[in-house]
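Per-entry structural report
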Amino acid sequence: MANFEKLYSKVALQVIKRCHGAIKITKHGKILEVYDTRRHMWSKGLAGLIIKEECKEANLRDWEIANVRSIVIKEMLEKST
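The paragraphs below set out a description of the structure included in this document. (Residues numbered from 1 in each chain as written. Predicted model: local features only at pLDDT ≥ 70, side-chain atom pairs only at ≥ 80, totals over all residues. Heavy atoms only, no water.)

Focus: the side chain of S43
Inspection of the secondary structure assignment puts S43 in strand 3 (residues 41–43). At 3.5 Å, the side chain of S43 and the backbone nitrogen of L46 are in polar contact. (Helix = DSSP H or I, 4+ residues; strand = E, 2+ residues; numbered from the N terminus. Polar contact = N/O pair within 3.5 Å; in protein donor to acceptor, adjacent residues only side chain to side chain.)

Describing the nonpolar core
One finds I23, I31, V34, I51, C55, V68 and V72 to be the most contacted residues of the largest nonpolar core, which totals 21 residues. Elements with a minimum of two residues in this core: helix 1 (2–18), strand 2 (31–36), helix 2 (46–57) and helix 3 (65–80). If you tally residues by element for this core, the top one is helix 3, at six residues. In this structure, V34 is in contact with C19, A22, I23, M41, W42, S43, L46, A47 and I50, ignoring residues within four places of it in sequence. (Core = buried A, V, L, I, M, F, W, Y, C linked by side-chain atoms within 4.5 Å. Buried < 20%, exposed > 50% of the residue type's maximum accessible area, 1.4 Å probe, protein only. Contact = heavy atoms within 4.5 Å.)

Observations concerning empty space enclosed by the protein
The tally for this structure, following the rule as stated, stands at one cavity of 30 Å³ or more. Estimated volume of the largest cavity: approximately 30 Å³. Around the largest cavity sit V15, C19, I23, I31, V34, A47, I50, I51 and V72, which together line it. Of all the elements in the fold, those that place two or more residues in the lining of the largest cavity are strand 2 and helix 2. Take the lining of the largest cavity: its biggest share by element is three residues, from helix 2. (1 Å grid on protein atoms, 1.4 Å probe; cavity = no way out; pocket = protein on both sides within 12 Å on 5 of 7 lines; lining within 4 Å. Points joined across faces, edges and corners; volume = space filled by probe spheres on them.)

Focus: helix 2
The terminal C-alpha atoms of helix 2 lie 17 Å apart, and with twelve residues this matches the ideal 16 Å at 1.5 Å per residue to within 8%. Listed in full, the buried residues belonging to helix 2 are L46, A47, I50, I51, E54 and C55. Downstream of helix 2 by a residue or two, N59 has a phi angle that is positive, lying close to 60°. (Expected span 1.5 Å × (residues − 1).)

Have a look at this one:
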């Protein structure tokens, strides 16, 4: 199980790196907006798409997207404090 956690963390860090850490997040852990460097735009609905794209590149299944999303939120909340 630890290997999956490492993989999820790696993909989550790729999502953060792709957005250059430009992810606006609430204190309650809701992603508001992200900046996608590939599309060169801020968007409210783009976070899920970016996470999904990075998960597909890492050959993860659809149900694993939620795990990656929660790690992205956790990492961003830790960096903001």
